[in-house]
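What follows is each chain in one-letter form.
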Amino acid sequence: MDEYIKILRRVPMFSGIADEEIGTILHCVEGKVSSFEKDEFILREGDPTDSMGVVLSGLVLIIQEDYWGHRNILGKCTAGEYFGETFAATPGSILNVSVVAAEHTDVMMMNLKKMLTTCSSACDHHNRLVRNLIGIMAGKVLSLNEKITHSSKRTTREKLLSYLSAEALRRKSSSFDISFDRQQLADYLGVERAAMSAELSKLQREGIIKTIRSHFEILGEL
């Protein structure tokens, strides 16, 4: 477990908590590390869960699929980010999303009920962990609001430009990489991949953007 503590000390949820205290917490919350290959389900829609996950390495996607298998990507989690906490914190809730590995991924699952139950000694590091977790959950709400902002645009062009604008502002640069491939980006924005690719080509011809695979550069004004 020591090798994972070196990773977790850089995770916002454990901010301000010493290594030995992290080890104590992981024991209390039944921390367990599992590995998943690309397209393997970590959590499935329709199942209950009392655990949240922290991505130690790799990338996971939060998805919804309809009866016909059409996929909508609601979000992504890279190393140091979390998933499942909202469902695990709500007694009796059933997952209405699935969590899928987008590449080889290592995940630590932790029992959230035990995490939110203050220990008998009311230790400072446990209280700090809960405060950190609340901040993280608030951040997830903001991320969902951002997705709604992009996907609520009327056209594929407007959705793309909304997303790319937000990424450029976040990185404070007109040149940046995104963590989605083309299909994942289309699923995230809720558009057809072919239509999105055609719109990207059009934006390049108009001199507004330049893109190679997952790298984008915003060149000119609309």
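Structure: above.
Computed from a predicted structure; not experimentally measured.

Our next topic: the nonpolar core. Membership of the largest hydrophobic core comes to 25 residues, with the highest contact counts inside it found for Y163, F180 and L185. Only strand 4 (59-65), helix 6 (156-171), helix 7 (182-189) and helix 8 (193-205) provide two or more residues apiece to this core. At 5 residues, helix 6 tops the list of elements feeding residues into this core. In contact with F180, other than residues within four places in its own chain, are L61, I73, K76, Y163, L185, Y188 and S214. Residues I5, L8, F14 and M110 belong to the second largest nonpolar core, which totals 22 residues.

This part is about the sheet that holds strand 10 (residues 209-212). The antiparallel open sheet is built from 3 strands, whose spatial order is 9-11-10. Strand pairing shows two members of the sheet lacking a second neighbour, strand 9 (175-177) and strand 10, which therefore form its edges. Neighbour to neighbour, the strand axes of the sheet diverge by 15° on average, direction disregarded. Two strands pair when backbone bridges link them, and strand 10 and strand 11 (residues 215-218) are joined in this way by 4 bridges, in the antiparallel orientation. Note on strand 11: the bridge partner recorded for I212 is H215. Across the sheet, helix 6 is in contact with strand 9, strand 10 and strand 11; its angle to strand 9 comes to roughly 100°.

Thresholds, definitions, all that
Residues numbered from 1 in each chain as written. Predicted model: local features only at pLDDT ≥ 70, side-chain atom pairs only at ≥ 80, totals over all residues. Heavy atoms only, no water. Core = buried A, V, L, I, M, F, W, Y, C linked by side-chain atoms within 4.5 Å. Buried < 20%, exposed > 50% of the residue type's maximum accessible area, 1.4 Å probe, protein only. Helix = DSSP H or I, 4+ residues; strand = E, 2+ residues; numbered from the N terminus. Contact = heavy atoms within 4.5 Å. Pairing = 2+ DSSP bridges. Axes fitted to C-alpha atoms, helices over the stretch in contact; angles between N-to-C directions.

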